[in-house]
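What the coordinates show
Now for the letters of each chain:
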Amino acid sequence: MDGGAPYNPRTVEEVFRDLKGRRAGMIKALTTDVEEFYQQCDPEKENLCLYGFPNEQWEVNLPAEEVPPELPEPALGINFARDGMQEKDWLSLVAVHSDAKRLFTMINDLPTIFEIVTGVVKKQAKDKSSVSNHSSNKSKSNSKGVKLPPPFFLID
């Protein structure tokens, strides 16, 4: 993969920029560069993946032999369904399985540190088991007027 020099984001802002750049690269592949993307996703080739990079570039390539544990696995085989679907439907399928969306979902599924420390997570788990409502409004941790300290960053 040609994603440039290794990049190790350390602050919240750097992680966000990394995610935003990767996301922008995939959006570019699926919109602005759609013809080039379509051509690179030859169904006759192996299991191909779409990779977005922090510099807003993209690449279609074979899956990496080893994905670092902190990154989600990319969607495999984006090229196989290409010729069996309408182009718009195929692009939508690739988009819904993109690693940026999965990473976003993985991040949003985590309780906030505030929720863990204050025990809100335990209460939410009990509430969810008694009521089968799968609402994804987790951002209510500060809805009771609790004043939170300013954010800080962990740097090793």
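The structure displayed is predicted, hence computed values, not measured ones.

**Observations concerning the overall build of the protein**
- Assigned secondary structure in the protein consists of 6 helices and 2 strands.
- Out of the 156 residues in the protein, the part that is buried amounts to 25%.
- The contacts in the protein between residues at least 6 apart in sequence include a share of 63% that link residues at least 24 apart.

**Observations concerning a nonpolar patch on the surface**
- On the surface, a nonpolar cluster with roughly 220 Å² of combined accessible area is contributed by Met85, Leu93 and Val96.
- Within the secondary structure, Met85 is located in the loop between strand 2 (58-61) and helix 3 (87-96).
- Residue Met85 is classed as partly exposed on the basis of its relative accessible area, which comes to 34%.

**Some points on the environment of Val94**
- In this fold, Val94 is placed in helix 3.
- Between the alpha carbons of Val94 and Arg82 there is a distance of 9.5 Å; along the sequence they are 12 residues apart.
- Apart from the residues within four sequence positions on either side, Val94 is in contact with Leu30, Phe37, Leu50 and Ile78.

Basis of the calculations
Residues numbered from 1 in each chain as written. Predicted model: local features only at pLDDT ≥ 70, side-chain atom pairs only at ≥ 80, totals over all residues. Heavy atoms only, no water. Helix = DSSP H or I, 4+ residues; strand = E, 2+ residues; numbered from the N terminus. Buried < 20%, exposed > 50% of the residue type's maximum accessible area, 1.4 Å probe, protein only. Contact = heavy atoms within 4.5 Å. Patch = residues over 30% accessible without salt bridge, like charges linked within 9 Å, V, L, I, M, F, W, Y side chains within 5 Å. Areas by Shrake-Rupley, 256 points an atom, 1.4 Å probe, with all protein chains shown as cover. Salt bridge = Lys/Arg side-chain N within 4 Å of Asp/Glu carboxyl O.

In short, shape yes, function no, at least from these values alone.
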